[in-house]
Amino acid sequence: MIDPFQTLGVEARFDLDPDDLARRHRDLSRALHPDRYAGAPAAERRLSLSRAIEVNDAFRVLKDPIRRAEALLRRAGVPVGETAEPKPSPDLLMEMMERREELGDARRRKDLDAVRALAEAIRGREREVLASMGRQFAASDPDATKLAVVLPELGELRYLRRFLDEASAIEEELSS
Amino acid sequence: MALLEIFDPKAAPRPIGIDLGTTNSLVARVRDGKPVVITDCNAEKLVPSVVHYDPRGRVIVGVDAQRLAVDFPRETIVSVKRFMGRGADDPETRRLGTYEFVEPKTPEEAKSVRFKIRDRSVTPVEVSAEVLKVLRSLAEDELRSVGGVVITVPAYFDDAQRQATKDAGKLAGLDVLRLLNEPTAAALAYGLEKQKNGLFAVYDLGGGTFDVTILLLDDGVFQVRSTGGDSALGGDDMDRALAERLLHDLGVPVENRPRELVRLALDTARKIKHGLTETDRVEAEIEVTGGTRKLAVTRAEFDALIKPIVERTGVACRRALRDAGVSADELDGVILVGGSTRVPYVRQYVEKLFGKPPLCDLDPEEVVALGAAIQADILAGTKERADEILLLDVLPLSLGLETMGGVVEKILPRNTTIPAGARQTFTTYADNQTGFDLHIVQGERELAIDCRSLARFVLKGIPPMPAGLARLEVTFRVDADGLLSVTANELTTGVEQKVEVKPSYGLTDEEVETMLMAALDHGEEDLEKRQLIEARVEAERVVLATKKALVADADLLEGDEERARIDEALAGLEEAIRGTRAAIIRGRTEVLDDVTHGWAGRRMDRAIARAIAGKDVTAIEGTVAKARGVEAHLAEHAGHNAPDGDASGTGS
Ligand SMILES: Nc1ncnc2c1ncn2[C@@H]1O[C@H](COP(=O)(O)OP(=O)(O)OP(=O)(O)O)[C@@H](O)[C@H]1O
Ligand SMILES: [Mg+2]
């Protein structure tokens, strides 16, 4: 499979500098964007479109920590995707259920501040998980069995993300 | 120089930029490195987007049409942009207005609004094409020969509205190089003029549409972070709100409003609105049966009327900020665009919303057209140092497919940088299911029925097998115009079936072609002439580009053989251009395309390497070696594009 790290020409690691990544995306776009090929023969226009799509997609993957982690794992041959990963711990499930109930309550009360506070708490948690994942990725060899240690945290990240998406939808609903 | 230009019989085609507005349209071009609006013989820059169809079948556009609006409310179309790409049952057809619509007889017909004008049925695409034709001839008067065109569209326009705009351009005989988002165009003109860097919001409230775009300006790179808006929100809605009040004050019953009076009320409302921008109280007179009535409106009254309209823009702004992941105080400035931002209440609202006084030092009505002209200049390759400027825009509304239970599965989320592509894998949900029903939708709502329906099609001939075994891959691609194309593949049992769909909003390519023929005086014959001209323009472009590349990148040719093949194809094409057969020109253009394909790839690799040169040489080599077409990439990514990264895909 094509590797987004390779497409963007950056090192395959978890803790990428977002500014470097953006700069690389921009440099490549300057060379590949269809605007550069507006006057070119049809075949070249198609080629530029394909490559610009590829570069944009790689950037989208690497910007997102969940998909970046997946890309790293896939490179190492670790199967990813919720069906392939270990089941989340009952503790996590329990906790997320409670948080979601609180979110639902806040929504019913139309309490925008409470929604924001809940989201902020989860964002803090997300930052912690990301930092820890960064350490795990840095410490382990790019070897499938060892990399698999990050899977539980990746699973947690997915739950946190879903919670945050829901919270932001509610925020939108309540503030309009 | 000027003299030479005037007398040169074979003038080189020049690129132009068009702002096709709801209320006003403009055409601009770049002269001596600076964008300027082209004026008509009365030194007018704005062409009112008003089209009148007279009893003899003539079409009148602009100020003259505007004058006829009150006496011919059905035959004079204003604000046609609000109907572009809209279905016959669109809410816009039920708002205060003066038109008669054709009752659709088939579901196909219902996909587009059609105006009933005398005994004719006219689509919004045709009406817009009339405005574009006038702009084209304005440009031709000044430049004599018009080349490629950039037409601007509201950033929040969906696929159908974009496609309709592009078709209107085609119908007006224009070579549409690109559709450009209005706020991005404004930012381009603003950024280059003011030489500013930073994070900006563009707040564009025009006659019929509202857009807000958050973008980063960084040394010639204009990167859109997020966009939001409402393609049916603008000054027209203020006019309507005030007109409703005027009609009420005049004692006109809602169920019995003569169209002429409605038009008059709308026009009077607009005049009052403009007056209230300058003063606190405006008096107006309105002619009704039984005499002239005097009316007065204060600014406070007007502000109260438009408050709900203006507040709707706030919702979109807050969401755009959230999507961009920034707060209002991180912005370096808010750029005002569109005539409706002259309304004092709007300015106050924007200032409060963003917590800083907005920037309004460029003409809000011209800046979009100026940006379009700059972009046209860049795309036509005539701009100096064009490679320093880059526009990175986004998809305004999520694209998805309807799945089980009418729920939408998002394939490409809103605010994805374009061009963009994604693929999703689906499977059958019933035993022995032999067809897939695909429904492509656009919008943010969870249920397909609440989103904009773009296209439906059925993939047939799947061999009978148990549920969940068949594999259907659907690929979405959005190009730099923000236009979608979809391919579906059925991959089980090695049988590969491909269906390609271009979303349609009611007008098929054939219909557009037929309209084009009908618009030309001698139908068929003229069409042939046109095709010849188009084929030649394209071929000449290719010849020029190839010759340029032969000078710059000859070292990338693989041996004399490749060079010989290219030279031969070039000579063949040049000979065809001198002839008069469009088909031959097109055929030989393709031949040249074919023989330069491999070399083009190598040249693109070199461009990539140069773009990131000096940064990480080994990584670059990796990039170059692995950069491949999106097809290969997507094939390998199959199923990994679900928003939550679920590799198993979703059953449909
Ligand atoms: N001085 C003014 N005071 C208030 N409103 C004004 C003033 N001048 C223009 N407008 C309003 O601005 C609108 C037209 O603005 P503009 O020309 O920017 O729109 P447009 O580009 O045609 O529309 P859109 O961008 O929505 O397609 C009209 O509704 C007009 O009434
Ligand atoms: Mg406008």
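Here the structure is a predicted model, which is why all the values come from computation and not from measurement.

Chemist: Is there a simple way to explain the overall build of chain B in this structure?
Modeler: On a plain count of helices and strands, chain B comes out with 16 helices and 26 strands. Counting contacts in chain B only where the partners sit at least 6 residues apart, residues at least 24 apart contribute 66% of the total. Of the accessible surface of chain B, which amounts to about 28400 Å², a share of 51% is contributed by carbon and sulfur atoms.

Chemist: What exactly am I supposed to notice about the site of ligand 1 here?
Modeler: Residue and element names in this part refer to chain B. Around ligand 1 sit 21 residues, and of these Thr 22, Thr 23, Lys 81, Lys 273 and Thr 277 come closest. Within the backbone of Gly 208, one N or O atom sits 2.9 Å away from an oxygen atom of ligand 1. Between His 274 and ligand 1, the recorded distance is 2.7 Å, taken from a side-chain N or O atom to an oxygen atom. Protein contacts shield 93% of the accessible area of ligand 1, which totals 650 Å² for the unbound molecule. By residue number, the principal contributor to the shell around ligand 1 is helix 7 (residues 259-278), which donates 4 residues. Here the shell around ligand 1 is built from residues that sort into 1 nonpolar, 14 polar and 6 charged.

Chemist: Teacher, can you tell me more about the sheet that holds strand 23 (residues 452-459) of chain B here?
Modeler: Within a sheet, neighbouring strands are paired by backbone hydrogen bonds and run either parallel or antiparallel to one another. Residues and elements named next belong to chain B. Read across the open sheet, the 4 strands follow the order 20-19-22-23; overall the sheet is antiparallel. With partners counted over all chains shown, the strands left at the sheet margins are strand 20 (408-412) and strand 23, one partner each. When the angles between neighbouring strand axes are averaged without regard to direction, this sheet yields 30 degrees. Across 3 bridges, strand 19 (residues 399-402) lies against strand 22 (residues 436-442) in antiparallel orientation. Residue Leu 401 lies in a different strand from strand 22, and its bridge partner there is Ile 440.

Chemist: What exactly am I supposed to notice about the interface of chain B and chain A here?
Modeler: Size of an interface: often given as the accessible area lost when the parts come together. Residue-level contacts link 69 residues of chain B with 54 residues of chain A. Looking at the side of chain B facing chain A, the largest losses of area belong to Arg 322, Pro 419 and Met 604 of chain B, adding up to 12% of the total buried there. Across the pair Arg 26 of chain A and Asp 218 of chain B runs a salt bridge, and its minimum N-O distance is 2.6 Å. Of the residues belonging to the side of chain B that touches chain A, the class tally is 28 nonpolar, 17 polar and 24 charged.

Chemist: I would appreciate a short explanation of the domain arrangement of chain A in the present structure.
Modeler: Taken as a whole, chain A is organised into domain 1 (4-63) and domain 2 (90-175). Each of domain 1 of chain A and domain 2 of chain A was reduced to a C-alpha centroid, and the two centroids are 30 Å apart.

Chemist: How should the sheet that holds strand 5 (residues 50-53) of chain B be read in this particular structure?
Modeler: Residue and element names in this part refer to chain B. The strand order across the open sheet formed by 3 strands is 6-5-7, and the pairing between neighbours is antiparallel. Single-partner strands in this sheet number two, and they are strand 6 (59-61) and strand 7 (76-78). Neighbouring strand axes in the sheet, compared pairwise and without regard to direction, differ in orientation by 20 degrees on average. Bridge count between strand 5 and strand 6: 3 bridges; the pairing is antiparallel. Directly across from Tyr 53, in strand 6, lies its bridge partner Val 59.

Chemist: Help me understand helix 8 (residues 299-324) of chain B in this model?
Modeler: Given 3.6 residues per turn, any residue in an α-helix points the same way as the ones three and four places further on. All names here are of chain B. In a regular helix each residue adds 1.5 Å, so 26 residues correspond to 38 Å; helix 8 covers 35 Å between its end C-alpha atoms and thus fits that length. At Lys 307, helix 8 shows its largest kink, close to 50 degrees, and the proline Pro 308 lies no more than four residues downstream. Taken from the residues just after helix 8, Gly 325 is the one with a positive phi, measuring 70 degrees.

Chemist: Would you take a moment to explain the side chain of Asp 19 of chain B for this structure?
Modeler: All names here are of chain B. When you line up the elements, Asp 19 lands in strand 1 (residues 14-20). No salt bridge is formed by the buried Asp 19; its nearest oppositely charged neighbour, Lys 81, is found at 4.9 Å. Residues contacting Asp 19, with those up to four places away along its chain left out, are Asn 24, Ser 25, Leu 26, Thr 152, Glu 182, Glu 365, Val 368 and Ala 369.

Rules of the game
- Residues numbered from 1 in each chain as written.
- Chains lettered and ligands numbered in written order.
- Predicted model: local features only at pLDDT ≥ 70, side-chain atom pairs only at ≥ 80, totals over all residues.
- Heavy atoms only, no water.
- Helix = DSSP H or I, 4+ residues; strand = E, 2+ residues; numbered from the N terminus.
- Contact = heavy atoms within 4.5 Å.
- Areas by Shrake-Rupley, 256 points an atom, 1.4 Å probe, with all protein chains shown as cover.
- Near = heavy atom within 4 Å.
- Polar contact = N/O pair within 3.5 Å; in protein donor to acceptor, adjacent residues only side chain to side chain.
- Nonpolar A, V, L, I, M, F, W, Y, C, P; charged D, E, K, R; others polar.
- Pairing = 2+ DSSP bridges.
- Axes fitted to C-alpha atoms, helices over the stretch in contact; angles between N-to-C directions.
- Buried area = accessible area lost by both parts, 1.4 Å probe.
- Salt bridge = Lys/Arg side-chain N within 4 Å of Asp/Glu carboxyl O.
- Domains from an automatic or database assignment.
- Expected span 1.5 Å × (residues − 1).
- Bend = angle between axes of the 7 residues up to and from the residue.
- Buried < 20%, exposed > 50% of the residue type's maximum accessible area, 1.4 Å probe, protein only.
- Lys, Arg positive; Asp, Glu negative; His and termini not counted.

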